[in-house]
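What the coordinates show
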Amino acid sequence: MSFRSGRHFLQIPGPTNVPDRVLRAIDRPTIDHRGPEFAELGLEVLEGLRHVFRTDGPVVVYPSSGTGAWEAALVNTLSPGDRVLAFETGHFATLWRAMAERLGLEVVWVPGDWRHGADPERAEAILREQRDIAAVMVVHNETSTGVTSRVPEIRAAIDAAGHDALLLVDTISSLGSIDYRHDEWGVDVTVGGSQKGLMLPAGLSFNAVSEKARAARGSMPRSYWDWEPIIDANEQGYWPYTSATNLLYGLREALAMLREEGLENVFARHARHAAATRAAVRAWGLEVLAADEREYSSSLTAVLCDDADEVRRLILERFDMSLGAGLGQLAGRVFRIGHLGDFNDLMLAGTLCGVEMGLRAAGLEVEPGVAAALELLEAASVPA
Ligand code: PLP
C-alpha cells in the first residue's frame with residue numbers, strides 16, 4: 001500500500017489503540033525475571049489487576065491471547081464428562097462452546113438469535129431441572145454482536161434455582177470499558193485479555209479466581225495452565241516461567257491510566273460514546289444489531305448493513321480506517337464500530353465521519369448522522 005499520512009484509525013473492537021504512554025512504558029530494556037526489580041513490578045501489576053477485576057482474590061496472568069485464558073478457566077475447574085450450560089449469544093460464545101466440547105465437556109447449549117444476551121429466565125429454568133450442571137459459561141460482552149449479557153441476573157438465576165454451579169464469565173471485550181465486579185457479582189472465574197479495554201497489545205490473558213473455583217480443582221489434564229504453581233510464585237511477585245516482562249511494564253502503565261481516570265469515569269465515557277454512535281446509526285436510517293436496550297454494549301456497536309463488506313473496504317481504502325467485519329453467521333451482514341480503550345470525543349467524531357462518508361461512497365442513501373452524535377455528545381456532560 002502506498003504511503004499514508006496521519007494516524008491509521010483502528011476502530012475494530014480490539015485490539016485497540018495503544019496509548020503513547022503505554023508504548024513508551026513497553027519500550028524499556030528487559031530485566032532479570034528472577035531478580036528483585038522484577039518482583040516489584042509483578043506485585044504492583046497483580047495488585048492493580050485486582051482493582052480492575054474488582055476482586056480481593058488472585059488474578060492469574062498468562063502470556064497468551066484470550067483463548068488461553070478460556071482454556072485455563074475450564075481445565076482448572078472441571079472434569080472430563082462434566083456438563084456445562086452455555087448460551088448462543090454470538091461467535092465467541094460459539095467458539096468457547098467448541099473448545100469445551102473438544103476438552104471432553106458436555107455442553108447444554110441454549111440456542112439464540114445473536115441479537116440477545118444470555119437469558120436469565122432460561123438459565124433458571126434449566127438449572128432447576130438439571131442439577132448436575134457443573135458450570136455456567138457466559139460471554140459478558142459479545143464482541144461479534146455488540147450485546148452485553150446481564151451477569152448479575154445470571155448470578156441471581158443460579159441462586160434462585162438453588163444451584164451450586166460455578167459461574168465462568170468472559171470479559172475479554174468488557175474489562176476496563178463496561179462495569180464489571182468479580183466479587184460482588186459472585187463470579188467464580190473471570191476471563192480477560194490485554195488488547196481491548198486494557199489498551200495493551202495482544203499477548204496477556206487473565207483468570208480472576210474465586211475460592212470456590214480454586215477448591216473445585218477438577219481432574220482435567222493441565223500443566224501450563226495450572227493456576228496453583230502460578231499463584232504460589234505470584235506470592236513473591238514472580239511467575240514459574242519466563243515472564244512477558246515488557247508487556248507487564250505496559251500493563252503497569254495502563255492500570256495507572258485507568259486509576260487516574262477512575263473506573264466509574266471510564267465506564268461513563270464508554271457508555272456516552274456508545275450512545276452517540278447509536279444516535280448516528282439511527283439517523284443514517286440503519287439498525288443496531290443489539291435488540292434489547294438493556295443489553296447495548298458500551299464498547300462496540302454492530303450495525304446491520306447488506307453492503308457491510310463493501311462499506312468496510314471503501315472506508316479502509318479511502319480513509320485509512322479499519323472497522324470490524326461480521327463474524328460467523330454475521331459475515332457480510334454487519335460492520336462493527338469499536339469505540340473502546342484509549343478514545344475521546346473527537347476520535348469518535350472522526351470515526352463516525354469516516355463511516356458516514358463510506359456509506360455514501362458505497363452508494364447508500366443515508367441521512368446525515370454525525371450531527372446527531374455530536375448533539376448527544378454536547379448535551380451529555382463529560383464526567384468529572
Ligand atoms: N472472547 C471474546 C469476547 C473476544 O472478543 C475474543 C477475541 O476478540 C476472544 C474471546 C478470543 O480472544 P483472543 O483472540 O485474544 O484469543
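The sections below set out a description of the structure shown in this document.

Thresholds, definitions, all that
- In this numbering scheme, every chain counts its residues from 1 along its sequence in written order.
- Per-residue local features of the predicted model are confined to residues with pLDDT of at least 70, and side-chain atom pairs are confined, for both listing and counting, to 80 or more; whole-chain, interface and lining totals are unaffected and use all residues.
- Computation of side-chain values: all heavy atoms of the structure, hydrogens and water removed.
- The rule for a residue being near a molecule or strand is that one of its heavy atoms must lie within 4 Å of it.
- Each polar contact in these results corresponds to two N or O atoms within 3.5 Å; when the atoms are within protein, one needs to be able to donate a hydrogen and the other to accept it, and residues that are neighboring in sequence are counted only if both atoms are side-chain atoms.
- Numbering of helices and strands runs from the N terminus; a helix is a DSSP stretch of H or I covering at least four residues, while a strand is a stretch of E covering at least two.
- Residues are grouped as follows: Ala, Val, Leu, Ile, Met, Phe, Trp, Tyr, Cys and Pro are nonpolar; Asp, Glu, Lys and Arg are charged; every other residue, Gly included, is polar.
- Here the aromatic set is Phe, Tyr and Trp, taking the six-membered ring for Trp, and pairing holds for ring centres within 6.5 Å; pairs whose planes are under 30 degrees apart are stacked, those over 60 apart are edge-to-face, and all others are tilted.
- The buried label applies to any residue whose accessible area, calculated with a 1.4 Å probe on protein chains only, is under 20% of its type's maximum; exposed applies above 50%, and partly exposed to all values in between.
- For two strands to be treated as a pair, DSSP must find no fewer than two bridges joining them.
- Nonpolar cores were defined as sets of buried Ala, Val, Leu, Ile, Met, Phe, Trp, Tyr and Cys residues, with membership established by side-chain atoms within 4.5 Å.
- Working rule for contacts: check all heavy atoms of both residues, and any pair within 4.5 Å makes them a contact.
- All axes here are fitted lines through C-alpha atoms, helices being fitted over the stretch that makes contact, and every angle between N-to-C directions spans 0 to 180 degrees.
- Oblique is the label for any angle not under 35 degrees, not over 145, and not in the 65 to 115 range, which are roughly parallel, roughly antiparallel and roughly perpendicular in turn.
- Two helices cross in a left-handed way if the nearer one is turned anticlockwise from the farther one by less than a right angle. They cross in a right-handed way if the turn is clockwise.

A look at the site of the ligand
All residues in the neighbourhood of the ligand are listed as S65, G66, T67, W70, F92, V139, N141, T143, D170, I172, Q195 and K196. Here an oxygen atom of the ligand sits 2.5 Å away from a polar atom, N or O, in the side chain of S65. One of the side-chain nitrogen or oxygen atoms of Q195 is found 2.8 Å away from an oxygen atom of the ligand. Broken down by element, the residue count for the shell around the ligand peaks at three residues, all from helix α3 (residues 66-77). Considered class by class, the residues forming the shell around the ligand number four nonpolar, six polar and two charged.

What to know about the packing of aromatic side chains
Scanning the model with the defined rule gives eight aromatic pairs in all. On the numbers, 6.1 Å between centres and 85 degrees between planes, the contact of F38 with W239 is edge-to-face. Of this pair, F38 sits in helix α2 (residues 36-53) while W239 sits in the loop between α8 (227-234) and α9 (245-261), and the two are 201 residues apart along the sequence. Here the aromatic rings of Y62 and W225 are separated by 4.9 Å at their centres, their planes lie at 70 degrees, and the arrangement is edge-to-face.

A word on the environment of A271
Secondary-structure assignment places A271 in helix α10 (residues 263-284). Spatially, the C-alpha atoms of A271 and L323 are 19 Å apart, while their sequence positions differ by 52 residues.

Notes on the pairing of strand β9 (residues 189-193)
Taking burial as the measure, the five residues of β9 include five buried ones, the bulk of the element. One ladder, built from three bridges, connects strand β8 (residues 166-170) with β9; its direction is parallel. The residue of β9 that forms the bridge with V169 is T190. Taken together, the five bridges between β9 and strand β10 (residues 205-209) define a ladder with antiparallel strand orientation. Paired with T190 across the two strands is A208, which belongs to β10.

Concerning the nonpolar core
Among the nonpolar cores identified, the biggest contains 66 residues, and W96 and L251 are the most heavily contacted of them. Those residues in contact with L251 that sit more than four places away from it in its chain are V45, L49, L198, L200, L204 and F206. Of all hydrophobic cores here, the second largest spans 27 residues; its members include V281, V303, I337 and L364.

Considering the packing of α2 against α9
Two elements in contact, α2 and α9, have axes whose closest approach is 9 Å; the angle formed by their N-to-C orientations is 45 degrees. In terms of their interaxial angle, α2 and α9 are classed as oblique. In the packing of α2 onto α9, the handedness of the crossing is left-handed. The residues of α9 that touch α2, namely those facing E37, F38, L41, E44, V45, E47, G48, L49, H51 and V52, are T245, L248, Y249, L251, R252, L255, L258 and R259. Broken down by class, the residue content of the contact of α2 with α9 amounts to ten nonpolar, three polar and five charged.

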